Amino acid sequence: MLNLCVCGALYRSPPALEPPPRSEEGSKNSHLDFSVFTNCAFVCFCISSMLTTMGHSPSSIMLVPLVQENGESPTRSAFLISIMGVSDIVGRLFFGFISDLSFILGRRKYLYIASILISGVANFFCATVATTYEHYLLYVIVFGLFAGSYNALTPVILVDMLGISKFHSSIGLTLFFQGVGFLIGPPAAGLIKDITGSYETTFYFSGASMILAAVVINLGDCPSACSRDITDTLSPTAVADRPSSHEAVQEIISIEQGTSGLVNPAFGHFESMSSEHSNRYREDSVYSTHL
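Residues numbered from 1 in each chain as written. Predicted model: local features only at pLDDT ≥ 70, side-chain atom pairs only at ≥ 80, totals over all residues. Heavy atoms only, no water.

Draft legend 1. Geometry of the overall build of the protein. Helix and strand counts for the protein stand at twelve helices and zero strands. Order of helices (α) and strands (β) in the protein, N terminus to C terminus: α-α-α-α-α-α-α-α-α-α-α-α. Burial status across the protein gives 36% buried among its 291 residues. Counted over contacts in the protein with a minimum sequence separation of 6, partners at least 24 positions apart contribute 73%. Element-wise, carbon and sulfur atoms account for 65% of the exposed surface of the protein, whose accessible area totals about 16,800 Å². (Helix = DSSP H or I, 4+ residues; strand = E, 2+ residues; numbered from the N terminus. Buried < 20%, exposed > 50% of the residue type's maximum accessible area, 1.4 Å probe, protein only. Contact = heavy atoms within 4.5 Å. Areas by Shrake-Rupley, 256 points an atom, 1.4 Å probe, with all protein chains shown as cover.)

And the structure:
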């Protein structure tokens, strides 16, 4: 990590790639487009990312003392972390490759959800079933493989969700939520261990956090959770500009009849409208009111 700090301190953009100087007006604009938070699916994705990293970080921290507690030597216990790292690299490469296949392009999100869910189940396996070194070896291979997969799939899912134009804002905000998860996860797991006196409970915490993350990300597609337009909720101007149900229905009826003034300005009062249009008006008014 210290090597990365040195690289970051010495990094300079090539002269040919230096961005042109921005005007005073442009310099006031934020680098982040917070309008992405008006997308319900993106909000659920950010919360899911935070829960995922909250469950991911304790798994590698608590694994070595857990294995040592079951009678393995420190060297063999620490070697499991190396195997997990290799599996993580393989997972990133493999799932990054298959995510570009034609039959996967429209199903990347489901692959991402499956990876989180399997990682959560693996944590429960480690806490309940694993007792031998072979069990822990199986755990680190599976967990590392699928943990690497959802790390590799995050950027492409954000592009699928919001488009390339908002990628810089969406990936930056997602990484912020992931950082919050990494910040909360290890202290929370340590506190749970101190309270319960068992390392297994920390893996229950990690597994539950990841499974909850797999559930939360699906809420973005739930009609009942995102039935209202969040943009209208956050923007009073949009609400003020939206025509009332009475105005909208009056305009439609006027177009169909080729005349105007069929509807009295008083809501619900009709002057010369047929019963068919009257019923249509009532149905449209009820529908618009629900919207």
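Moving on from the coordinates now.
Draft legend 2. Here's a closer look at the nonpolar core. One finds Leu 63, Tyr 112, Tyr 136, Tyr 139 and Phe 203 to be the most contacted residues of the largest nonpolar core, which totals 51 residues. For this core, the secondary structure elements donating two or more residues are helix H3 (40-69), helix H4 (74-98), helix H5 (108-128), helix H6 (133-162), helix H7 (167-196) and helix H8 (200-216). Excluding anything up to four places from it in sequence, Tyr 136 contacts Leu 63, Leu 66, Val 67, Asn 70, Leu 80, Cys 126, Ala 130 and Thr 131. (Core = buried A, V, L, I, M, F, W, Y, C linked by side-chain atoms within 4.5 Å.)

Draft legend 3. Local environment of the packing of aromatic side chains. Scanning the model with the defined rule gives eleven aromatic pairs in all. With a centroid separation of 6.0 Å and an interplanar angle of 75 degrees, the aromatic rings of Tyr 139 and Phe 203 are classed as edge-to-face. Placement of the pair is Tyr 139 in helix H6 and Phe 203 in helix H8, with a sequence separation of 64 residues. Residue Tyr 139 shares its accessibility class with Phe 203, and that shared class is buried. (Phe/Tyr/Trp six-rings, centres within 6.5 Å; stacked < 30°, edge-to-face > 60°.)

Draft legend 4. Examining a nonpolar patch on the surface more closely. Among the surface-exposed residues, Val 86, Val 90 and Phe 94 lie close enough to one another that they form a single nonpolar patch of about 270 Å² accessible area. Look at Val 90 and you get partly exposed, because its relative accessible area is 43%. (Patch = residues over 30% accessible without salt bridge, like charges linked within 9 Å, V, L, I, M, F, W, Y side chains within 5 Å. Salt bridge = Lys/Arg side-chain N within 4 Å of Asp/Glu carboxyl O.)

Draft legend 5. View of the packing of H5 against H8. In the contact formed by H5 and H8, the axes pass within 8 Å of each other and the chain directions differ by 160 degrees. When the axes of H5 and H8 are compared, the pair comes out roughly antiparallel. For the element pair H5 and H8, the recorded crossing hand is left-handed. Facing H5, whose interface residues are Ile 113, Ile 116, Leu 117, Ser 119, Gly 120, Asn 123, Phe 124, Cys 126, Ala 127 and Thr 128, H8 presents Glu 200, Phe 203, Tyr 204, Ser 206, Gly 207, Ala 208, Met 210, Ile 211, Ala 213 and Ala 214. Broken down by class, the residue content of the contact of H5 with H8 amounts to 13 nonpolar, six polar and one charged. (Axes fitted to C-alpha atoms, helices over the stretch in contact; angles between N-to-C directions. Parallel < 35°, antiparallel > 145°, perpendicular 65-115°, else oblique. Left-handed = near helix turned anticlockwise from the far one by under 90°. Nonpolar A, V, L, I, M, F, W, Y, C, P; charged D, E, K, R; others polar.)

Draft legend 6. Representation of the environment of Val 67. Examined against the element boundaries, Val 67 turns out to sit in helix H3. Owing to a relative accessible area of 0%, Val 67 belongs among the buried residues under this scheme. The spacing of Val 67 and Thr 132 is 65 residues in sequence and 8.5 Å in space, taken between C-alpha atoms. Val 67 has contacts with Glu 72, Ser 77, Leu 80 and Tyr 136, leaving out every residue within four places of it along the chain.

Draft legend 7. Spatial organisation of the side chain of Thr 52. Here Thr 52 lies in helix H3. Among the residues examined, Thr 52 registers a relative accessible area of 2% and is labelled buried. Once residues within four sequence positions are removed from consideration, Thr 52 is found in contact with Ile 116, Tyr 150, Met 210 and Ala 213.

Draft legend 8. Highlighting the packing of H5 against H6. At a minimum axis separation of 8 Å, H5 and H6 run at an interaxial angle of 155 degrees. Classified by the angle between their axes, H5 and H6 sit roughly antiparallel to one another. Between H5 and H6 lies a crossing of left-handed hand. Residues of the contact of H5 with H6, tallied by class, amount to 18 nonpolar, six polar and three charged.

Draft legend 9. Quick look at the confidence of the model for the protein. Scored by pLDDT, the protein has a mean of 74; 65% of the residues are at 70 or more. Confidence drops under a pLDDT of 50 for residues 227-246, and excluding neighbours within four residues, the segment shows 18 contacts in the predicted structure. (pLDDT = per-residue confidence, 0-100.)

Draft legend 10. Structural view of the side chain of Ser 49. With respect to the helices and strands, Ser 49 occurs in helix H3. Among the residues examined, Ser 49 registers a relative accessible area of 1% and is labelled buried. Each residue touching Ser 49, except ones within four places of it in the same chain, is listed here: Tyr 112, Thr 174 and Gln 178.

Draft legend 11. Seen up close, the state of the cysteines. For the structure on display, the rule yields zero disulfides. Cysteine Cys 44 remains unbridged, with the sulfur of Cys 40 as its closest cysteine sulfur at 4.3 Å. For Cys 44, a relative accessible area of 9% corresponds to the buried category. You can see Cys 46 has no disulfide; the closest cysteine sulfur is in Cys 44, sitting 9.4 Å from it. (Disulfide = S-S within 2.5 Å.)

Draft legend 12. A look at the pattern of salt bridges. The full count for this structure, using the stated rule, is four salt bridges. Note that Asp 88 is salt-bridged to Arg 92, the shortest N-O span being 2.5 Å. You can see Asp 88 and its partner Arg 92 sitting in helix H4, four residues apart, about one turn around the helix. Between Asp 100 and Arg 108 there is a salt bridge, with its nearest N and O atoms 3.2 Å apart.

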